[in-house]
Amino acid sequence: MRQKEKTKWWKYGVLVLSILLMILVNQKNHRIEAQTNVQKNLIKKGPIEIDEGLAKFEVPSDANSQEELGMPTGYVQDKGYERVFYREQIHSYSSQTSDRFFASPYYLADGHVLFTIMHRNTGATPDIYYVSLFYAKPDGEIIDQISVATGGAPLSPSFNGATANTDHFATTPSDVMPLATNLYHVQYSGYANGNRQNLWRDLEFSIENNRIAVKNWHTIQYAPPVMKGTDLEQVHKLYGTQDIINHGITNRGQHNVTEVYQWDATKNTYNRLVNLSLAGLESEDSGTWSYDIGRIRMNDGYYGAIFTGLTSPGNYRYQIRLWDKNGNHPVIIDDSRDSPMRLSKASATGDAFYYTKTGPNEVSLHLVDLTESTPRSTKILSLPKGSTVQIEANGANEFVIYGSISEPSSFLNLTTPGIFFAILDDQYQMKEKEAGLVSMTGNFIIYSLDKIKDNHFFITGSGTTRDLATVPPKTGWQETANSKDIHVPNNAGFGSLYIGKNHFPWLHVGNPLIINIDQQRSAAEWESILLNDVKVSDTYDLSPQNLTGQKTQAMLDKRINRNPINPSLPIAWEALGLDKTTRGANEVKYFMTDFTNLTTAHSRWVNKVDDATEITSDNKLALAASNFSIHVDDLNRLTATEAKKLSDSIGWNLTNGNIFDSTENSTNTITVNEDELKKIKAAKAAYDALGSQPNAEEKAKLIKPYPLTFTMQTKDGTCERIATVFVTDDTTEIDQDIVIYGFDFNQSIKKVKTVQSSEIITASKASAWDFKMNWKKGDTQLPDSQLSVDLTYLGATDDVTGLNLVEQVGDYKIRLLYSGVTPTRVSQLPTAHVFGDEVTIHVRQVVLAQKDEIVVPAKGYYVFQNLNSVATPTIHSENNVQTQTLTDDSNQTFESISLKLAFDYWCYQVKPIVPEYYQYDGFVVTPKEPTSTNPHAAANKDGNATDPIPILDFADTDVYWLTIYLKPNDAQVIKPYSWDYQLNPLGEVKP
């Protein structure tokens, strides 16, 4: 019984578990990114509900007591206790027959017990009955045993072959009753002297040297006018008296004789007190029968249940009648034709009695108060159908109820079938939600539960189960033989119970936990960590005297944080206060509900850290500041406060969950290194100064990761964390956990076909970084070997194209790939400005060794041929070009000719058109412009009249300076009128 009024916390119900998907969206361009969340501290010390929607259960407030002596340090339990039944010792007797108790035990002054068991061999035809008388210790251990019919040794437990005429025949024994000092007797229906009629027999015996010593048998005669030849069917003692009710029958069912005999102590015999005649009842319906007559004396009257068979087979009518001393029997309760009633043994006073009613949906216990002018029935409790229940007084102000249930009962809070014991107050209200429940295989019908001293009881009963006994039968468990009924109750149990304290379970939650949530774990791995160092114990559950059977430590361990309504449900960690997705301290509730539904709860701090959290060496302080990214355009707004916000900084005490500073509640306990912050912010001005033209080399010096130190100083110590600030621009990609830098760059079209990935990485200053990089661990740029460019990628749009596929100048997005993780991370932001399809040839034509007789051409004419190679040239196109002709070689005046290169035709050859009477005389070509100190001069010319001008390869340059030399052809005869040369009317030739 609970000594302190408490509210029960196991209110059954349900919890719908919600699963939150955290999607980390990589923000870029002009948005600020952060990839972590910080959780507020949630206090869970009060009661909370779990598993709503499934099997709702309320976990109580945190316990902080140690109610039981000897509890180890670190364990707690809730205050108070309940009273429960303990098994001091339950002995057993097993046979191959039906073993039933028909009478209550008798308790000797020294605590020893006398009781009888009636055996019925249902395998024989007809059935065989015999009765054993037992002498036992207070705990039920059998000292001696005899057959009441012979006084000798009882039949073997395996007995099943005797005939119905055996000398052992006996049935329906009465209670054992005292006659004198150490003289007792028991009455039964049996044979005597070869007479096979059921006679009223009386066995007298004493206890000598721990043995049952038979003194005498005799037959008790019926008082007139009982008809001769009446068989005695049952003998019952009236509870609380030595009066006897015997119930006889004549012609088996045709007439009933029930009489009450009062013990005459002077004559040591019984005198008939009253005849409980049933005369007149037969007229109400046909086929009358009496049942369970007069079990308790009520002042001057007796009561009994009477059912009368109806004309319709299988239908009965149930009444309770009360006889007075004159044999009158008015109807007290006339209930129904469909609900059998049975009288209960207990009596609250001499003016009240109890009975059970078996309805179609329930078994109910009722009280009848005879002091009222019209007695009425009051239902005091209900049990599921198929149950049994008895009620006994336990002192002046409370009752013990006991019985069996076939299915769970909300009234007793019993969750499984079995036998139960509970205590009611004088208003028939539960003092205990559950005083004891035995779940068992098979069944057990409790016949008696008698108080033998304060809080100590003796129990008798029988059934098919073997689960109640603490001591197996001396002759071993027997299987029923040749039985017509597989449910024969062949196992009797008897022994001592006591009501003791059942304290709340012990719970040890251990020290605060530190868990890195960045490490991937299965649900089982999470549970293993969270239950580390959590220990439980329970005095009652682990006791061998546990009425429900001793539990093991492993059984208790399996109940930690498990919903007792449905232990198969997964642990509701979220409802218990744990958020696995965010860092910080959670006060997580732990609990254990024992097998009697008592729960102890206590909380401990679970510290969730990540790779962005620093912990002091003494495991007292934690400072978390996540790496974050910020666009270069937003650097002006990057203050210390903004940096703390963007990093989701939080600092807390690992031992008690106290938060010193966080983005939710900033206290300036966390500070930011101002010098590092200034350096980061200075990148903006320098970046803006570079302008918009591609300048990967200089931009890479500014757009990059920077360290930023966060420091937390408290009275408990100092903690420091160096976070990374990824300064980005429009060419920076953050793909999940990888930062890919790459900048716009210029790329010659003459190289795109054969350009290599490493060349593009160099040109774009591409690099990859882990977003969670840690400066203290020496993390740097990720290996270039895992960074590549997809040179053959052909995207859905023209602006993302592998450079090896490009054939025209223009702007193309490149595809950077980082393969160091799975899946591969991708950036398609840097742009390749493809150029170089225009080249320039600076040309001049110089005539050497002029002759007066030959006209000097005013202009030079050329054919410029666009070729694909030097070795095996193929012409793609030709251009006609003209320039002025010079006669002074020192005149370094060139005319610039701009030309287009067809894709993959990276060469030009210049072929001069030589006038008549002149011949080609070589050339000078340089990729650099001639200077006064290094001019083009005939002295340096190459080739002659027989050598062609070489092919100019523009693969690695965009410009050449070319001088073509002509001279008079001395071998050619000048014709008359040669002075009359004139320009052909060709018009202007434009390159």
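Rules of the game
Residues numbered from 1 in each chain as written. Predicted model: local features only at pLDDT ≥ 70, side-chain atom pairs only at ≥ 80, totals over all residues. Heavy atoms only, no water. Helix = DSSP H or I, 4+ residues; strand = E, 2+ residues; numbered from the N terminus. Buried < 20%, exposed > 50% of the residue type's maximum accessible area, 1.4 Å probe, protein only. Contact = heavy atoms within 4.5 Å. Phe/Tyr/Trp six-rings, centres within 6.5 Å; stacked < 30°, edge-to-face > 60°. Pairing = 2+ DSSP bridges. Axes fitted to C-alpha atoms, helices over the stretch in contact; angles between N-to-C directions. Arc of directions from axis to C-beta. Polar contact = N/O pair within 3.5 Å; in protein donor to acceptor, adjacent residues only side chain to side chain. Core = buried A, V, L, I, M, F, W, Y, C linked by side-chain atoms within 4.5 Å. Domains from an automatic or database assignment. Salt bridge = Lys/Arg side-chain N within 4 Å of Asp/Glu carboxyl O. pLDDT = per-residue confidence, 0-100.

What follows is about the overall build of the chain. Secondary structure summary: the chain contains seven helices and 63 strands in total. Scored against the burial criterion, the 991 residues of the chain give a buried share of 53%. The long-range fraction of contacts in the chain, counting pairs at least 24 apart against all pairs at least 6 apart in sequence, stands at 62%.

For the structure shown, the criterion picks out 25 aromatic pairs. With centroids separated by 6.1 Å and ring planes inclined at 70°, the aromatic side chains of Tyr75 and Trp506 adopt a geometry described as edge-to-face. Of the two residues, Tyr75 sits in the loop between strand S3 (57-59) and strand S4 (81-94) while Trp506 sits in strand S34 (residues 506-508), which places them 431 residues apart along the sequence. No difference in accessibility class separates Tyr75 from Trp506, as the two residues are buried. Here Tyr129 and Phe169 contribute two aromatic rings whose centre-to-centre distance is 6.4 Å and whose plane-to-plane angle is 90°, an arrangement assigned as edge-to-face.

Here we come to the sheet that holds strand S25 (residues 362-369). On the basis of which strands lie adjacent, the open sheet formed by four strands has the order S23-S24-S25-S26 and antiparallel pairing. Two strands lie at the open edges of the sheet, namely strand S23 (341-343) and strand S26 (377-384), each paired on one side alone. Strand-to-strand twist of the sheet, defined as the mean angle between neighbouring strand axes without regard to direction, takes the value 25°. For strand S24 (residues 352-358) and S25, the ladder comprises seven bridges, and the chain directions are antiparallel. Bridging from a neighbouring strand, Phe353 pairs with Val368 of S25.

Take the sheet that holds strand S51 (residues 787-789) next. Pairing in this open sheet of three strands is antiparallel, and the strands run S51-S53-S54 from one edge to the other. Strand pairing shows two members of the sheet lacking a second neighbour, S51 and strand S54 (825-827), which therefore form its edges. Strand after strand, the sheet turns through a mean of 25° between neighbouring axes, direction not considered. Judged from the three bridges that link them, S51 and strand S53 (residues 816-818) form a sheet pairing that is antiparallel. From the neighbouring strand, Leu787 faces S53, where its bridge partner is Tyr818.

What follows covers helix H7 (residues 757-764). Where H7 is concerned, the buried positions are Ser757, Ile760, Ile761 and Ser764. Down the axis, H7 shows its buried residues gathered within 100° of arc, on one side only. On its buried face, H7 sits against helix H5 (696-699), strand S49 (745-748) and S51. One or two positions beyond H7, positive phi appears at Lys765, with a value near 55°.

What follows is about the side chain of Thr885. Take Thr885: it is sitting in strand S58 (residues 875-886). Judged by relative accessible area, Thr885 falls into the buried class, the value being 15%. Of the polar contacts made by the side chain of Thr885, one reaches the side chain of Gln845; its length is 3.0 Å. Residues contacting Thr885, with those up to four places away along its chain left out, are Gln845, Val847, Pro857, Ala858, Lys859 and Gly860.

Turning to the environment of Ile680, a few remarks are in order. By secondary structure assignment, the location of Ile680 is in helix H4 (residues 674-689). A relative accessible area of 0% places Ile680 in the buried class. When near neighbours in sequence (up to four residues on either side) are disregarded, Ile680 contacts Leu635, Leu638, Tyr706, Pro707, Leu708, Val725 and Val727.

Turning to the nonpolar core, a few remarks are in order. Counting 42 residues, the largest nonpolar core has Ile760, Leu803, Val834, Ile841, Phe864, Tyr908 and Phe954 as the members making the most contacts within it. Composition of this core by domain shows at least three residues from each of domain 4 (730-836) and domain 5 (838-982). With residues up to four places along the chain from it excluded, the contact list for Leu803 reads Phe745, Gln747, Val752, Lys753, Val755, Ile760, Leu791, Tyr812, Ile814, Ala832 and Val834. Ile630, Leu638, Leu646 and Tyr706 belong to the second-largest nonpolar core, a separate cluster that totals 36 residues.

Moving on, we get to the pattern of salt bridges. For side chains bearing opposite charge, pairing can occur when the charged atoms are close. Inspection of every chain in the model, using the stated rule, returns 25 salt bridges. When the shortest N-O distance is used, the salt bridge between Lys215 and Glu208 registers 2.6 Å. Exposure remark for Lys215: the relative accessible area of 44% places this residue in the partly exposed category. Here Glu208 falls in the partly exposed class, since its relative accessible area comes to 35%. If you follow the salt bridges from partner to partner, you end up with Asp837, Glu838 and Lys900 in one network.

Take the side chain of Ser626 next. Relative to the assigned elements, Ser626 resides in the loop between strand S40 (621-624) and strand S41 (628-631). Residue Ser626 is classed as buried on the basis of its relative accessible area, which comes to 3%.

Here Trp775 shows up in the loop between strand S50 (767-770) and S51. Along the backbone, Trp775 and Thr709 are 66 residues apart, and their C-alpha atoms lie at a distance of 10.0 Å. Excluding residues within four positions of it along the chain, Trp775 makes contact with Pro705, Tyr706, Pro707, Ile722, Ala723 and Thr724. Here Ala723 takes part through its backbone oxygen, which lies 3.5 Å from a polar atom of the side chain of Trp775.

On average, residues of the chain score 82 in pLDDT, and 80% of them reach the 70 mark or higher. Every residue in residues 281-291 scores below 50 in pLDDT, and together they form 34 contacts with partners more than four places removed in sequence or on other chains. Segment residues 483-487: pLDDT under 50, and six contacts once partners within four positions in sequence are set aside and those in other chains are kept.

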